[in-house]
Amino acid sequence: MLERPGSVQSIESTLRPMERRLAQFDRTISRTEFELYSGRSSHAPERWITTRARFLGREELRDWVESAKSRVNPDTVLGRRLELLNRLHLDAASEQHPSIVRLRTRLQRRIIAFRPRFQGRRVSRARIYDELRSNPDAAAREEAYRAEDELSLRLEPAVRQLVALRNDRARALGFRDYPELRLRFEGLSVSKLMSLCRATAAPLRTAIGAWRGEFLAATGRNEWFPWDLRFAQERRAALPLRAFPGRSMIPAVRAALSLWGLPMRRLRIRVSRRDIPFAGLTFAVRVPSDIRILIPPNGGWEWYVAGFHEFGHAVHFSLIRQTGHLLRSTDVGFSGFVEGIADLFEELALNPRWLEGRRGLNSSTVRAFRVGRSLEHVVRAAITSNWVATELDLYRKPQADPALKSSHRLREQFGFGTFVPRSFLQVTYVTHPVYDQSYLLSLLFRKQLVHALSEQVGDPLWPNPRAGPWLAEKWFAPGARFDWIPRVREVTGRPFGAGAFLESVRGGEP
């Protein structure tokens, strides 16, 4: 039974053991998730998630937090901790409700265990990505494009059920639907999100015609399709595989980050190489001292990009300097920020100084690659915007099939020919609901950070030993002390938005 909040001291004395217990739950859950994805165990953390949700989702706790918040200045550290606890309560009462956790965990297990079939054999998901990027046979690329439909089409009915359950829980908490609840954590609305989607995809309209024509002329085809897109990017500008061997990716990324002024030798980051349903995953088992990365063992420039991205997460979590579990958390309200930091680290994989240091690459090769990849992020913005819109369509009408609208948007954006839509399902719709917008917000945040680094730290972007300490002071060390979108304006001097991204596109930057 929680005592009625009184003085600041009594609130603090009640909150402190709550944080310790929450930390124990989260460490166990994160460690169990790591073991599940890494193949070390077949056990999902369902029991621990449900127990944690019972602890956080109590109405008694909600009432205590609301009462405590009314007695504390919200701008103080204690006020911030109470706000974060309130968000965790909402998450526990919605996404972590037992009915949702049971179904989500069952689907998660099937997703992790699945291996797509390609040309008669079960292969890794990383292999599917590489086939789409490099196979010159269009029929083989289409087979790779549809390789996960074997699983996705079977999961669709259960995913619709999962979406309906999420909406029901959100409505019980006073929200219109689950996206409204989830976006509220980051201070966003559906309408604001969609306006950002439109702004970031707009430059594609003027550039796509020429790129499409160039691809069709080179291949002698009359149309192109979604399974041609990565191959067209690679054909337009590629770097040799021999310059990016898989075995040396981790030491290469660590060395590059050391030259950014980051204390890589002191950070306790462990890396395991394994095929997983994502390009990579980072687990903050214990912030800041136990951070673990899972990433496929493949080589090639694209996988080095993924390596920089995951190390961005790991370095961020390793350099949080807050006491107490709540202020070390990036659980609710920070997904765009967390992905934006990781995206910033991807900038190093495109940096001409870093690329020219790879064996066999020279300045002319690197310059041609960067020019050829000038649409890299506009294409990503358009694809991500379609994922976001498709997921929102699903929450609006869970029993409808959003695949037709999704394929129609792709045809409008890229000028694709008519094709049979594949399943609407993205793995993230199951495991990380209403999260895909983070990969759009991260592009915008990333470019604002590049601009701010230039202004406040000075050029070059890399190598620059002042960059890492600036990032650590302004962004990593504070942990969850501030909401990230208002802090963008505070630190960079301009409000969060698409401005810096669009400036980089107009400047021909990849």
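Cut-off values and rules
- Residues numbered from 1 in each chain as written.
- Predicted model: local features only at pLDDT ≥ 70, side-chain atom pairs only at ≥ 80, totals over all residues.
- Heavy atoms only, no water.
- Buried < 20%, exposed > 50% of the residue type's maximum accessible area, 1.4 Å probe, protein only.
- Helix = DSSP H or I, 4+ residues; strand = E, 2+ residues; numbered from the N terminus.
- Pairing = 2+ DSSP bridges.
- Axes fitted to C-alpha atoms, helices over the stretch in contact; angles between N-to-C directions.
- Contact = heavy atoms within 4.5 Å.

**Some remarks on the pairing of strand S5 (residues 290–295)**
- When you tally the buried positions in S5, you get six out of six residues, the bulk of the element.
- The pairing of strand S3 (residues 269–273) with S5 spans five bridges and is parallel. Note that in S5 the partner of Arg-270 across the bridge is Arg-292.
- Across five bridges, strand S4 (residues 281–286) lies against S5 in antiparallel orientation. Within the sheet, the bridge partner assigned to Arg-286 lies in S5 and is Asp-290.
- Between the end of S4 and the start of S5, which pair antiparallel, lie three residues.

**Details of the sheet that holds S3**
- With mixed pairing, the three strands of this open sheet are ordered in space as S3-S5-S4. Edge positions in the sheet fall to S3 and S4, since each of these pairs with one other strand and no more. Neighbour-to-neighbour, the strand axes of the sheet open up by a mean angle of 20 degrees, direction not taken into account.
- Strands S3, S4 and S5 of the sheet are contacted by helix H1 (residues 8–37), whose axis makes an angle of about 145 degrees with S4.
- Strands S3, S4 and S5 of the sheet are contacted by helix H13 (residues 301–318), whose axis makes an angle of about 165 degrees with S5.

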